[in-house]
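# Report on the structure
Listed below, chain by chain, are the residues.
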Amino acid sequence: MADVRQIVIDIIADIAPDEDVSNLDDVKSLREQLDLDSMDFLDIVMELRKRHKVEVPQEDYPKLATLASCVSYLSPKFATV
Amino acid sequence: MNYDAIVIGAGMSGLAAGIRLAMFDKKVLILEKHSIPGGLNSYYQRKNFDKGGIRQFDVGLHVLTNFIKKGEKGKPFSKLLKQLRLSYDDFKLCPQTHSKILFPDVELKFSNEFELLLNEVSEKFPQEIDNFLKLTEKVKTFNELDLSIGYSSSREALKEIIKDELLIEMILCPLLIYGSAWEDDMDFAQFVIMFKSLYFEGFSRPEGGVRTILSLLMKKINDLGADIRFKTAVTKILIKDSGEAFGVVANGEEFYAPVILSSIGYPETVRLTPKIDLNPRIGAMTFLESIFVFDKKIPLDQNDSTIIFYNDSKKYSYRPATDYFDSSSAVVCFPDNYETNKQDGEGTVRITYMANYSQWRDLERAQYDEMKEKVGQSSLSLIRSLSQGFDGKLLFKDIFSPMTIERYTWHLNGTVYGSIDKTRDGKTPFKNLFIIGTDQGFLGIVGAMLSGISMANLHGLMGANEI
């Protein structure tokens, strides 16, 4: 079983190297805790695709709002990879 | 040859777009007509007359706008670093000392700390400071990145807030000459971009000039394995009967891709397509630049500004010169006046005048050289009057004209800030063909790169994701 939470954190750490990702609150929105804009969310999606072959259609971008929602939305996708 | 995307032009926007696409495994082809990258922000060299060897000069880059301190977030420059995965330190930014807007009897200084400009306005236009604060509030809350907004006049917007016409002229002067394709006015969304990037954020210069930026971008392009070809002019954009772009012809060879991003200008791009009823207008603003090298730097007590926006009357005229050039206003750039610069060694000054393309085009060679000589003399006397007491000996000078700009950038009529018909969402009447760079509507070097990034994201990455 893939550790989806860690996968997302690793991606954020790579696309926003100046951000501290060590103490993220799972239920608070990522945008509130980090300096992430829509361009950064696109990068999260693109990295998921590039590294893990997981596709996130544009209408589902809001489902990546928190770490918890990332885990619940992405886990089934990782299970089928 | 088949690619996932073709980028026309290896200037700031084309390189940035190419990096974004290649970063996510797109097979990218970048085609550039010139033998080196940079487009309007490039470089050249000249042989030294006296002591041999060569001198290197930048074109375009006077300063890099959108200055941020290391670690500052949420700004255009920090977005650019993240999107291109570049590090702040790689740019080796040297912050400006300060710059000034110099009109008869009054000057306004500004620096990378906005407080300086606020203090200057409150001291020199005390009755207007509240209005100026209102303007800054309007600028702060305006979403200039909204791709759906149309043209609105900045002058009209300013008149509603500020009563003193001289202050309006002074605020507009640097913003117009550092980016407006329109004469005597600019689109309000562009005004906001410029106000933020010049007055809120400020100026710096990468150590090593424009080549520092270009070598960072070229290294990324090469590391990512994008195909980049120089001296390769696109002569035709291939369009299906259904109106869909599907490739280009360059050096007689056909290249195919489902996405084509063109950075060469909107009118210039349209000319490569089959005839349609669309004629984006060619912008009229073109310039002359003189570069002078002295045997020593101008001492700081004789001139400590990084840029002087000079105007000799109370009204600022931003339009093509009626004569060959207009010496009533100028941008004077002192590339030595940066916080980290040493004061020994040779000194350089660059002066930009507004010009008139058709006048220069019609000159015979001998008259052309003679006219350039006049520009040089006029520029030199302005430098002397702005740096009273400076006795440096002139070692070298070089002048480029609208014809030089046209010759090396292929922008029609030597236009520098592109067409006055922008396409903010990058779309053209042809499916799969998009405009990036100045004619998409973002400004300056940072703006050009962000244009390439956001159009590549929108039309190259997100679009592809939907399939």
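Reading guide: rules and limits
- Residues numbered from 1 in each chain as written.
- Chains lettered and ligands numbered in written order.
- Predicted model: local features only at pLDDT ≥ 70, side-chain atom pairs only at ≥ 80, totals over all residues.
- Heavy atoms only, no water.
- Pairing = 2+ DSSP bridges.
- Helix = DSSP H or I, 4+ residues; strand = E, 2+ residues; numbered from the N terminus.
- Axes fitted to C-alpha atoms, helices over the stretch in contact; angles between N-to-C directions.
- Contact = heavy atoms within 4.5 Å.
- Expected span 1.5 Å × (residues − 1).
- Polar contact = N/O pair within 3.5 Å; in protein donor to acceptor, adjacent residues only side chain to side chain.
- 1 Å grid on protein atoms, 1.4 Å probe; cavity = no way out; pocket = protein on both sides within 12 Å on 5 of 7 lines; lining within 4 Å.
- Points joined across faces, edges and corners; volume = space filled by probe spheres on them.
- Nonpolar A, V, L, I, M, F, W, Y, C, P; charged D, E, K, R; others polar.
- pLDDT = per-residue confidence, 0-100.

Residue and element names in this part refer to chain B. The strand order across the open sheet formed by 5 strands is β9-β2-β1-β13-β19, and the pairing between neighbours is parallel. Looking at the sheet topology across the chains shown, the edges are occupied by β9 (227-229) and β19 (433-435). Within the sheet, the average angular offset between the axes of one strand and its neighbour, ignoring direction, is 15°. With 3 bridges joining them, strand β13 (residues 260-262) and β19 adopt parallel strand pairing. Paired with I260 across the two strands is L433, which belongs to β19. Sheet contacts for helix α1 (residues 12-23): β1 (5-8), β2 (28-31), β9 and β13; angle to β2, the most-contacted strand, approximately 170°.

Right, let's get into helix α6 (residues 165-177) of chain B. Side chains of residues three or four places apart in an α-helix project in the same direction, reflecting 3.6 residues per turn. With 13 residues, α6 of chain B ought to run about 18 Å at 1.5 Å a step, and its terminal C-alpha atoms sit 18 Å apart, in line with that. Near the N-terminus of α6 of chain B, the side chain that reaches the backbone nitrogen of L166 of chain B, with its oxygen 2.9 Å away, is that of D164 of chain B.

This part is about empty space enclosed by the protein. Residue and element names in this part refer to chain B. In the structure shown here, the tally under the stated rule is 1 cavity of 30 Å³ or more. Empty space within the largest cavity amounts to approximately 40 Å³. Lining the largest cavity we find K297, I298, N303, F334, D336, N337, T348 and V349. Grouping the amino acids of the lining of the largest cavity by side-chain chemistry returns 3 nonpolar, 3 polar and 2 charged.

Low pLDDT marks regions whose predicted coordinates should not be analysed in detail. When pLDDT is averaged along chain A, the result is 92; 98% of the residues meet or exceed 70. Mean pLDDT across the elements of chain A bottoms out in helix α2 (residues 30-33) of chain A (92) and peaks in helix α1 (residues 4-15) of chain A (95).

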